Number of protein chains: 2
Amino acid sequence: MKVAGIMSGTSVDGIDVAILEFEHHFKVLGFHTVPYPDDVRQAILSVSNTQVHTADIARLSYLLGELYAAAVKETCTKIGIPLAALNLIGSHGQTIFHEGEPIDYLGYRIASTMQIGEPAVIAKRTGVTTICDFRADDIAAGGKGAPLVPAVDFRIFRHPEISRIALNIGGIANITVIPANAYIENIEAFDTGPGNLVMDALMGDARFDRNGETARRGKVDQELLRELLRNVYYDQAPPKTAGREQYGPDFVARFAHLKQADAVATAAELTVHTIAKAIARYPGAEEVIVSGGGTHNAYLMERLGAVLKQEVRTATEYGIDNDAKEAIAFAILAYESFHGRPGNVASATGAARAVILGKCSVP
Amino acid sequence: MKVAGIMSGTSVDGIDVAILEFEHHFKVLGFHTVPYPDDVRQAILSVSNTQVHTADIARLSYLLGELYAAAVKETCTKIGIPLAALNLIGSHGQTIFHEGEPIDYLGYRIASTMQIGEPAVIAKRTGVTTICDFRADDIAAGGKGAPLVPAVDFRIFRHPEISRIALNIGGIANITVIPANAYIENIEAFDTGPGNLVMDALMGDARFDRNGETARRGKVDQELLRELLRNVYYDQAPPKTAGREQYGPDFVARFAHLKQADAVATAAELTVHTIAKAIARYPGAEEVIVSGGGTHNAYLMERLGAVLKQEVRTATEYGIDNDAKEAIAFAILAYESFHGRPGNVASATGAARAVILGKCSVP
């Protein structure tokens, strides 16, 4: 069975398409990104979480359906497989609103999310059954609709004999703990604390510490590090979620007395040690598999290797291109839904139960 | 198989639920309307085809999902069947935008439609598989996404030996021609011309001609009638669509020289004769089955009976309550989609082909 996953993220750069082949396991046949035209990118930003005319959302949703279908066709051509060989498409859609925590709304407690990119258009143009709206079902089951990636980590990295931890270092860092031979109910996933966002903030206009060169030149302020590590969050038992807001300007100001290189080195060490604290809860874990922007920070990866007792690898070594990971994820989630299997990890999203994700449009 | 259909129309009065039982044919087990709370009605109007915050659409969509699920439960209780006996739900959703004719949009020709009322919530709350977004697939197939009722007329009124015409007299009047023992490809559907809207406009503040009492007192202006019937539209071969706009203030002004009763009588006669002209294309039709607001106009029904050579009946005689018809329709369309059968009539919507309608959410 050949399945395409389509993802377009909140950065609104373009449309990522991964095509997977499933037999006993799966392999990635190819990956391709189609950039958004400038006017489409502007249109998406103009309807996302803001004041907008209903017409613009509806029209854009159908237009994105056309573009997603075209991106799938282009990817098939690039990889050299006929469109007709595709059996299924999973499309995340473009998120234009997400509110995972319920609010009071007209007398009800309502959480909600909104992805556009009409799947009926994708299905009709490609001739391939298309699943969309993966987050809606988790929210309907009481979850926050995110993160969905732990379920995919499980499917990618689960091993019959090796106990693994998938570590994603984005702005925030999070881990998915996958015991050997686990069922999905056995896995745990939570945020460990800061990923790159404190380092990034401290780099100012440079935006990020390329290869960790700045941190490498710096000296860790051990006193500040000890103080920061004393935060109760790092010792709390999961499930738990670290918000970007807790590492905002007030937090960054605590590094203000340090030279930039020392500040960044201390922030890197905070990331490494909070990850290590979280991973220390799972002494049986044998491998740590890292993905996310943090993998490009050579210094950070070295420090992780030094501090963790486990073997530290990157997802790329397992055939999972960092850039392709989310598109791969939605191919896998579509495959699971198609077979009537749940896709969320209830402990990660806060849902009352694991549920089948997505809505199905036929050609 | 027991199927619930949920409809909430553009009048935003409330949530109509019909529950049908399908065996060889179907029977309506019950019908129930749950009025919208005032604040919900206001919220719907405030997001429909207007300037709005994305958040309001997302939140309202999930709230409507809750209300639709509650309405289905209430209907089950009222009818006296357990919720668990339901096998399927078809939910039309609340239309907040519809643009069936394509427009130029960022370099593409885009038609679009938008119904809200999250089906993942309906499915999860009721435990029943829910199909939504019936119009999207027709639009994706090149159609206008409307009307979908002809397909339902076919399923309700098709007879192995009797050739029938379903006539709906709303603002505009339209017919669905269903030959004896027809396949769905054999049916035709089109607007015949004015239904009630010219009469209604001529009634001014009274809004409509109750029971046709005003028209009954009036005298038809034969010269004006002949002149109006000369419009090329009424002789055109179908498919064709009569827009409300062609019967706007300019059209109504042509009756200005007449006394009100004479004007209304002439407008009623125009409705009757344009319907008769359309039906005359199908000399084999044996029965005309009328639904819509026009059935409440006794004078109009009498005139139809007098002018048409066919037997004239109302849909109510066939067990189809006028108020319940659309909710019934979406139960039937869901049933068809669930069985992998197309639901649109391509000749009525302008779609390139008949397609399976809707997206499926599972509990």
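Residues numbered from 1 in each chain as written. Chains lettered and ligands numbered in written order. Predicted model: local features only at pLDDT ≥ 70, side-chain atom pairs only at ≥ 80, totals over all residues.

All names here are of chain A. Most of strand β7 (residues 108-116) sits inside the fold, with seven of its nine residues counted as buried. Note: strand β6 (residues 94-105) against β7, eight bridges, orientation antiparallel. If you follow Thr95 over to β7, its bridge partner there is Gln115. Adjacent in sequence and paired antiparallel, β6 and β7 are bridged by two residues, among which Leu106 carries a positive phi angle near 50 degrees. (Buried ≥ 20, exposed ≤ 12 C-beta atoms within 10 Å, placed from the backbone. Helix = DSSP H or I, 4+ residues; strand = E, 2+ residues; numbered from the N terminus. Pairing = 2+ DSSP bridges.)

What follows concerns the interface of chain A and chain B. Counting residues at the interface gives 45 residues for chain A, matched by 45 residues for chain B. Within the residue set of the side of chain A that touches chain B, elements represented by two or more residues are α1 (38-47), β4 (51-53), α2 (54-79), β6, β7, α3 (119-126), α4 (134-140) and β14 (359-361) of chain A. If one sorts the elements of the side of chain A that touches chain B by residue count, α2 of chain A sits on top with nine residues. When its residues are assigned to classes, the side of chain A that touches chain B shows 26 nonpolar, ten polar and nine charged. (Contact = placed C-beta atoms within 7 Å. Nonpolar A, V, L, I, M, F, W, Y, C, P; charged D, E, K, R; others polar.)

Attention now goes to the relation of the copies chain A and chain B. Note on the identical chains: chain A maps onto chain B by a rotation of 180 degrees and an axial translation of 0.0 Å, with an RMSD of 0.1 Å. Accordingly, the operation relating the two chain copies is best matched by a two-fold axis. A shared interface surface links the copies, since 100% of the contact residues of chain A are contact residues in chain B too. (Least-squares fit on C-alpha atoms with pLDDT ≥ 70 in both.)

With that settled, consider the sheet that holds strand β12 (residues 287-291) of chain A. All names here are of chain A. In space, the five strands of this open sheet follow the order β11-β10-β9-β12-β13, with mixed pairing throughout. Edge positions in the sheet fall to β11 (188-194) and β13 (311-314), since each has one partner strand and no second. Recorded for the sheet is a direction-independent mean angle of 25 degrees between the axes of neighbouring strands. As paired strands, strand β10 (residues 172-178) and β11 are joined by six bridges and run antiparallel to one another. In the sheet register, Thr176 faces β11, and the bridge partner there is Ala189. (Axes fitted to C-alpha atoms, helices over the stretch in contact; angles between N-to-C directions.)

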